[in-house]
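The chain contents come next:
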Amino acid sequence: MEKLRNRKEWIKNAIIIFLIVMLILTFCSDSIMNMYLPEVSTESVTSGKIQESIRGTGAAELSKGYQVKLKESRTIKQINVKVGQAVKVGDVLFTLEPSDGTELDTAKSTYIELQAEYQKKLLGTDYSYDKEKLAIKNAKDDYDKAVETLNGIDGKNATITKKQAKLAKYDAKIAKYENKIIAYDTEIADLSSKTDVAMFQADLTAKQRILTTLKNELTDIEADLAALSAQGGDQAAILELERQKRDKGVEVANAQNDVTIADNEVKKANDNIKLLDSAKSNKEKATNYLNKYKVKQTTLSAEIETLKSAVPLKTDAEAMVEEKENTWNTLVLEYESKKREDNHTQETEKIELNAAKQRLIAQKKLVEDLMADSAKTEITAEQEGQVASIAAAPGDISQPDMPLAVIASDKDGFEVKVSVTKEQAAKVKAGQNATVENYWSGEIKAVVASISADAENPGSSVITFAVSGEGINEGDSVSISIGGESKMYDLVVPRSSVFEDNNGKFVLTLDSKNTPLGNRYIATRHDVEVLAQNDTKMAISTDLNGYEYVIVAASEAITPGEQVKLKE
């Protein structure tokens, strides 16, 4: 019995020992496994601004000057310099026609669209800002009215042009009837001298009397001839009478012809009276038409002058638009400032609103720059030097960023050309300072001299830097960096957290899983698109929400889905 008791005790103790050992192994397994897991460091995903840096390397070349360019299309009116001429800063190189470019109109249209987009975002909030909204609406209405007035100028001018065309027709009608009246006056004056019927009748009567006398004389000669012939008179006398008869017959015939002519003159005078009456009647009708069109001319001229007086100058209308726009924008900015003081739950909406605002401000700056450029009628030299070439002629229409001339610097200096994408080139501008990264002896300066299309790589651009300082020789490889535009992004991560393989760029987030033995950390892959980057950070587009943690460093290579441990 004692032996059986001891055996049971031994089995009990063995089971207890086994359970203790298993429990110890279970709790130690986590520590044992963690000893072999990759160790990682993480940082949280944030939102913020990134000023993207653009880097490139090029060979130093002797400076060939700077290219004279415009930001918009303009017509060259006059060239004021010649190739080889020395110029100073401020010297006038080209004279331009008044602005005829389309870029300003396009920029204004985009600006109005951005204003509408911005306003929609402002009005999209659920918070009550009735007072501010009413003020903004009134300011917007004032602005719309000013814009409507400005936009209506062309239409009203078109109406004036149509009426002026109609007035020109009236002028033509007036000229037509004035010419007719002159012709009728000439006809009347001519006919008036040919309507004296009494004079022509008196002449006819005189000629009829002469004809009667000649006929009577012919009758007497015929009677004498008949009597002499009947008496058997002297043959010589008979022949003489026959000769007289013939001569008198000729005189009678001539007198008869004169009577006929005089009678025709009397008839013609009577006809001229009728023609004179008709000419006078036609003149009266033409005068009536002339007076009618003169009345229309006077009425339409007054109407045109009234319309002209009601159409403001474009400069005045544009100034009023700018004034109303400034008032509107001021109210909008004050409204936005008040909203920023509200609950933190509006942060997402405010970020979107701010992005729209930045686009609006940037577009406004573009419009202002283009307006300033449009107002310029002269292109002046920006640096001292010599005119190396001229690529334009009077009457040419320049295109944006098209070189018009090259001014060669007469000072020591170098050029470094770097090929970049068009998107990168759009983020810098001429005159912007850059940094030379691979020279440390002496002061090295780099400035963006020009931006142009890359002829060898379609779709790319070439940034030409003017580089000066000690220690640079022609042909040296120069590395340059320049900061681009600063923008707000929703998802910003450290550069070290973005990896790349054959499938593209990605980040690994640290996802935790609860287990009976504690939390387990898993590396999860998320494909990303890099929107912008600088030396330390990258803005990305992916399926993250913005509150995750991304792996920035690991003790060894990590496979997506692999279990890892946090660095202590």
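Up top you'll find the structure we're talking about.
Residues numbered from 1 in each chain as written. Predicted model: local features only at pLDDT ≥ 70, side-chain atom pairs only at ≥ 80, totals over all residues. Heavy atoms only, no water.

### Remarks on the overall build of the chain
The secondary structure content of the chain amounts to eight helices and 22 strands. Counting only carbon and sulfur atoms, one obtains 53% of the accessible surface of the chain, whose full area is about 34600 Å². (Helix = DSSP H or I, 4+ residues; strand = E, 2+ residues; numbered from the N terminus. Areas by Shrake-Rupley, 256 points an atom, 1.4 Å probe, with all protein chains shown as cover.)

### Thoughts on the sheet that holds strand β6 (residues 92–96)
Spatially, four strands are ordered β7-β6-β4-β9 in an open sheet, and the strand pairing comes out antiparallel. Of all strands in the sheet, those bounded by a partner on one side alone are β7 (378–380) and β9 (397–398). Looking at chain direction, strand β4 (residues 74–79) and β9 are connected through two bridges and run antiparallel. Following the sheet pairing, Arg 74 is matched in β9 by Ser 398. (Pairing = 2+ DSSP bridges.)

### Thoughts on empty space enclosed by the protein
Applying the stated rule across the entire model yields one cavity of 30 Å³ or more. Computed from the structure, the largest cavity encloses a volume of approximately 50 Å³. Contributing to the lining of the largest cavity are Ile 54, Arg 55, Gly 56, Val 418, Val 420, Ile 463, Phe 465, Ile 480, Ser 481 and Ile 482. Mapped by element, the contributors of at least two residues to the lining of the largest cavity are β2 (46–62), β11 (414–421), β14 (460–468) and β15 (477–494). Tallied by class, residues from the lining of the largest cavity come to seven nonpolar, two polar and one charged. (1 Å grid on protein atoms, 1.4 Å probe; cavity = no way out; pocket = protein on both sides within 12 Å on 5 of 7 lines; lining within 4 Å. Points joined across faces, edges and corners; volume = space filled by probe spheres on them. Nonpolar A, V, L, I, M, F, W, Y, C, P; charged D, E, K, R; others polar.)

### Points about the pattern of salt bridges
Evaluated as defined, the whole model comprises 13 salt bridges. Asp 501 serves as the salt-bridge partner of Arg 525, at 2.6 Å between the closest nitrogen and oxygen. In this pair, Arg 525 sits in strand β18 (residues 518–527) while Asp 501 sits in strand β16 (residues 498–501), placing the two residues 24 residues apart along the sequence. Each of Glu 217, Lys 248 and Glu 251 takes part in salt bridges that share partners, so that together they form one network. (Salt bridge = Lys/Arg side-chain N within 4 Å of Asp/Glu carboxyl O.)

### What about the packing of aromatic side chains?
On inspection of all chains with the given rule, the structure shows five aromatic pairs. On the numbers, 6.0 Å between centres and 45° between planes, the contact of Tyr 170 with Tyr 293 is tilted. A residue pair is termed long-range when its members are at least 10 positions apart, and Tyr 170 in helix α3 (residues 130–192) and Tyr 293 in helix α5 (residues 235–310) qualify at 123 residues. With a centroid separation of 5.2 Å and 15° between ring planes, the pair formed by Tyr 177 and Tyr 289 is classed as stacked. Of this pair, Tyr 177 sits in helix α3 while Tyr 289 sits in helix α5, and the two are 112 residues apart along the sequence. Looking at Tyr 177, the relative accessible area reads 9%, which means it is buried. When its relative accessible area of 38% is taken as the criterion, Tyr 289 is described as partly exposed. Connected via pairs of aromatic rings, a cluster forms that spans Tyr 170, Tyr 177, Tyr 289 and Tyr 293. Here Lys 140 stacks its cationic end above the ring of Trp 328, 5.5 Å away from the centre of that ring. We note Arg 525 situated over the ring of Phe 506; from NZ or CZ to the ring centre the distance is 3.9 Å. (Phe/Tyr/Trp six-rings, centres within 6.5 Å; stacked < 30°, edge-to-face > 60°. Buried < 20%, exposed > 50% of the residue type's maximum accessible area, 1.4 Å probe, protein only. Lys NZ or Arg CZ within 6 Å of the ring centre and 35° of its normal.)

### Points about the packing of α3 against α5
Running from amino to carboxyl end, α3 crosses α5 at an angle of 160°, the nearest separation of the two axes being 8 Å. Viewed along their axes, α3 and α5 adopt a mutual orientation that is roughly antiparallel. Both α3 and α5 take part in a crossing whose hand is left-handed. When the residues that make up the contact of α3 with α5 are grouped by side-chain class, the tally is 20 nonpolar, eight polar and 15 charged. (Axes fitted to C-alpha atoms, helices over the stretch in contact; angles between N-to-C directions. Parallel < 35°, antiparallel > 145°, perpendicular 65-115°, else oblique. Left-handed = near helix turned anticlockwise from the far one by under 90°.)

### Side note on the pairing of strand β12 (residues 433–436)
The side-chain alternation of β12 yields one buried face, formed by Ala 434 and Val 436, and one unburied face, formed by Asn 433 and Thr 435. Where β12 lies against strand β13 (residues 445–453), two bridges are found, and the strand directions are antiparallel. Each bridged residue has a counterpart across the sheet, and for Ala 434 the counterpart in β13 is Ala 446.

### Observations regarding the nonpolar core
Membership of the largest hydrophobic core comes to 29 residues, with the highest contact counts inside it found for Val 321, Trp 328 and Val 332. Breaking this core down by element, the ones donating at least two residues are α2 (103–123), α3, α5 and α6 (314–340). It is α3 that contributes the most residues to this core, 14 residues altogether. Core analysis: the next-biggest nonpolar cluster, separate from the first, contains 20 residues, Val 418, Ala 425, Phe 465 and Ile 482 among them. (Core = buried A, V, L, I, M, F, W, Y, C linked by side-chain atoms within 4.5 Å.)

### Considering a nonpolar patch on the surface
Side chains of Trp 10, Ile 11, Ile 15 and Leu 19 sit close together on the surface and give an oily, nonpolar patch of about 440 Å² of accessible area. Within the secondary structure, Ile 11 sits in helix α1 (residues 2–34). Taking relative accessible area as the criterion, Ile 11 reaches 38% and is therefore assigned partly exposed. (Patch = residues over 30% accessible without salt bridge, like charges linked within 9 Å, V, L, I, M, F, W, Y side chains within 5 Å.)

### Focus on a positive patch on the surface
Positive charge collects at one region of the surface, where Lys 166, Lys 169, Lys 173, Lys 176, Lys 180, Lys 292 and Lys 296 lie side by side. The leading source of residues in the positive patch is α3, at five residues. Here Lys 176 lies in helix α3. Classification of Lys 176 by relative accessible area gives partly exposed; the value is 40%. (Lys, Arg positive; Asp, Glu negative; His and termini not counted. Charge placed at Lys NZ, Arg CZ, Asp CG, Glu CD.)

### Structural notes on the environment of Phe 200
Along the chain, Phe 200 turns up in helix α4 (residues 197–231). Sequence separation between Phe 200 and Asn 264 is 64 residues; the distance between their C-alpha atoms is 9.2 Å. Aside from chain neighbours lying at most four places away, what touches Phe 200 is Ala 262, Glu 265, Val 266 and Ala 269. (Contact = heavy atoms within 4.5 Å.)

### Some remarks on the packing of α3 against α6
Contact pair α3 / α6: the axes reach a minimum separation of 9 Å and the direction vectors enclose 160°. With respect to each other, α3 and α6 are oriented roughly antiparallel. Every pair of crossing elements has a handedness; the one defined by α3 and α6 is left-handed. Its residues assigned to classes, the contact of α3 with α6 comprises 15 nonpolar, no polar and 10 charged.

### Here's the deal with the environment of Glu 336
Mapped onto the elements of the fold, Glu 336 is located in helix α6. As for Glu 336 and Glu 132, which are separated by 204 residues in sequence, their C-alpha atoms are 9.7 Å apart.

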